[in-house]
Structures are given as structure tokens and as C-alpha cells.
2 protein chains.
Amino acid sequence: MKGLVVVAHGSRRAESNEEIRALTRKLADGAGEHYRHVECAFLELAEPSIPDGLRNAISAGATEIVVLPYFLSAGRHVVTDIPEEVEKVREESPSVTIIIAPYLGAAESLGDLLLDHARQP
Amino acid sequence: MKGLVVVAHGSRRAESNEEIRALTRKLADGAGEHYRHVECAFLELAEPSIPDGLRNAISAGATEIVVLPYFLSAGRHVVTDIPEEVEKVREESPSVTIIIAPYLGAAESLGDLLLDHARQP
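A. Inspection of the overall build of chain A at higher detail. The secondary structure content of chain A amounts to four helices and four strands. Secondary structure of chain A in N-to-C order comes out as β-α-β-α-β-α-β-α. For 121 residues, the compact-globule estimate of 2.2 N^0.38 gives 14 Å, and the C-alpha radius of gyration of chain A, at 14 Å, lies within 12% of that figure. A principal-axis box enclosing the C-alpha atoms of chain A has dimensions of 50 × 30 × 30 Å.

B. Up close: the sheet that holds strand β3 (residues 64-69) of chain A. Residue and element names in this part refer to chain A. Read from one edge to the other, the open sheet built from four strands follows the order β2-β1-β3-β4, with strand pairing classed as parallel. Looking along the sheet, the strands with just one partner apiece sit at the ends: β2 (37-42) and β4 (97-100). Recorded for the sheet is a direction-independent mean angle of 20° between the axes of neighbouring strands. Bridging between β3 and β4 involves four bridges; their strand directions are parallel. Each bridged residue has a counterpart across the sheet, and for V66 the counterpart in β4 is I99. Helix α1 (residues 14-31) rests against β1 (2-8) and β2 of the sheet, and its axis sits at about 160° to β2.

C. Region of interest: the relation of the copies chain B and chain A. Expressed as a screw transformation, the operator carrying chain B onto chain A has a rotation angle of 180° and an axial translation of 0.0 Å, and the superposed copies differ by an RMSD of 0.0 Å. The operation mapping one copy onto its partner corresponds to a two-fold rotation axis. Mapped onto chain A, 100% of the interface residues of chain B are again interface residues, and the two copies thus contact each other with one and the same surface.

D. Spotlight on the interface of chain B and chain A. In this assembly, 35 residues from chain B lie in contact with 35 residues from chain A. Looking at the side of chain B facing chain A, the largest losses of area belong to L72(B), L114(B) and H117(B), adding up to 19% of the total buried there. Linking chain B with chain A are two salt bridges. Linking K26(B) and E108(A) is a salt bridge whose minimum nitrogen-to-oxygen distance equals 3.8 Å. Summed over the shared surface of chain B and chain A, the number is 14 residue pairs in polar contact (both at pLDDT 80 or more).

E. Spotlight on the pattern of salt bridges. The final tally for this structure, using the stated rule, is 16 salt bridges over all chains. One salt bridge connects R90(A) with E87(A), and the closest N-O pair in it is separated by 3.1 Å. One end of the pair, R90(A), and the other, E87(A), are both in helix α3 (residues 76-92), three residues apart, so they sit about a helical turn from each other. Overall, the relative accessible area of 29% leaves R90(A) in the partly exposed class. With a shortest N-O distance of 3.0 Å, R76(B) and D81(B) are connected by a salt bridge.

F. Broad picture of the packing of helix α2 (residues 50-59) of chain B against helix α3 (residues 76-92) of chain B. Residues and elements named next belong to chain B. Contact pair α2 / α3: the axes reach a minimum separation of 9 Å and the direction vectors enclose 40°. Between α2 and α3, the angle is such that the two are oblique. The handedness of the crossing between α2 and α3 comes out as right-handed. In contact with I50, P51, L54, R55 and I58 of α2, α3 contributes I82, E85, V86, K88, V89 and E92. Class assignment for the residues of the contact of α2 with α3 results in seven nonpolar, no polar and four charged.

G. Region of interest: the pairing of β1(A). All names here are of chain A. Burial runs high along β1: six of the seven residues are buried. Judged from the six bridges that link them, β1 and β2 form a sheet pairing that is parallel. Among the inter-strand pairings, V7 is bridged to a residue of β2, identified as A41. Each parallel crossover has a hand, and for β1 linked through α1 to β2 it is right-handed.

Reading guide: rules and limits
- Residues numbered from 1 in each chain as written.
- Chains lettered and ligands numbered in written order.
- Predicted model: local features only at pLDDT ≥ 70, side-chain atom pairs only at ≥ 80, totals over all residues.
- Heavy atoms only, no water.
- Helix = DSSP H or I, 4+ residues; strand = E, 2+ residues; numbered from the N terminus.
- Rg over C-alpha atoms; globule rule 2.2 N^0.38 Å.
- Pairing = 2+ DSSP bridges.
- Axes fitted to C-alpha atoms, helices over the stretch in contact; angles between N-to-C directions.
- Contact = heavy atoms within 4.5 Å.
- Least-squares fit on C-alpha atoms with pLDDT ≥ 70 in both.
- Buried area = accessible area lost by both parts, 1.4 Å probe.
- Salt bridge = Lys/Arg side-chain N within 4 Å of Asp/Glu carboxyl O.
- Polar contact = N/O pair within 3.5 Å; in protein donor to acceptor, adjacent residues only side chain to side chain.
- Buried < 20%, exposed > 50% of the residue type's maximum accessible area, 1.4 Å probe, protein only.
- Parallel < 35°, antiparallel > 145°, perpendicular 65-115°, else oblique.
- Left-handed = near helix turned anticlockwise from the far one by under 90°.
- Nonpolar A, V, L, I, M, F, W, Y, C, P; charged D, E, K, R; others polar.
- Right-handed = clockwise from strand over helix to strand, strands pointing away.

If you want it as C-alpha cells, here you go:
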């Protein structure tokens, strides 16, 4: 069973974390049968942590998990911190496949989305 | 003549700023005739500043400018800081129309993009 965990930075501003949770619900609705469990997790300042988010997905039955870094640039968080957090759960649950997708800022179609978005009234 | 100014936070990491510049070149290529001038600007830590980016667009002949905040959440930068910077140039150049588009994180199609992106190999 496939799971998707959207990883955001986390904010002291509750509304920012709530935005991520709302986006995650939207992804869950859109994912249909492709991802049976969709969850968000935060690097810091909000819950669940990345390991806890992954553990939630595994408890729900996920055996293949895609981690999607909701970040715009490939800074230390993307390059080092997220992989380190993910590694903890890989060691705990070696039978689960966990793939870290490229961060959002690297998405091929982001340019097209921005142009469309800029044209909205 | 329409211009587009992508506004990012700016980073101490030169590669992150370069990512924005590369994205901006991609947008310029994709914009075709719709935006005749596409530029990036930074809230802090990199150049050009938001007012300078807008001034560059105006110098190039833009009379209608869309400012696109390349931010994932509606924190203080999006709500307060970017509008304040834009206002400086509105006062300088009242004949130019400057519209601030919703920030990237509010883009309607971001959920679909994320799902597609997560499915890439």
C-alpha cells in the first residue's frame, strides 16, 4: 500500500501549519487510490515530526512511502535534514520502502503553474 | 506593455538565489508575448530588491506589472513586507499599474502539481 508524506518546514504561525494540513487533505482527496494514506509532517515547530508522520503512515499499512519536500530551494533542510529524519525510520522499518521525491522547487511544471497563476484575475 | 516580477525571499546561499534566476529565465521563455519583461527580485539578502526589480521592469517599458510572490505561506513577508516594498514604487510611478498576485502556496493547481511530481520516478 502506497503512502504520501508531505514534509513542510513548520512555522510558529499556526495558520501556516494549518495551510499545510489543508493542502494535505486536498491531496488526499485528489490522490484517489494511488496513495491510500496521505499525511503531512514537519521538520520543526509543528507536529507530527517527520519520523512520527512516517510511523503514522506505516501504522496505517503503508509499505511504500513517498516523502515530498514542500520546499522551494535545495538548502540544508532539503539536502541534509530531511534525509536524516527519514533515515531514522528506514532503520526502524527496513521492510518499508521510503523514497524522497525531489523538492517542490525542482518540479518540472512549476514554471507553467506560475505563469498560469500570474494570469488569474 | 506587461511585465512579471517574481519575488522570492532571497538567501545567503548563492545557489538558492541562482535557482530563482534560472526559474525566471524559464518563465521568460514560457511567457512569450504575454509578459514582455520578466524579472526576479528579492525581499532581502540578494539583489535586485523589490523596488529595484520593479524599476527595472518600468525602465524596460512595462506599464502593467504583476508581482508574483514565490512563497509557500501567507506569513508576514507576503502579507506586509512585499506590499510595503511595492507601495514605494507605486508612489514613485503612479501611472504604472502594479498588481500583487496571490502567493504561490495559494495557487489552485498546486495540489495537482504535487501529486504529479510525487509520481515522477
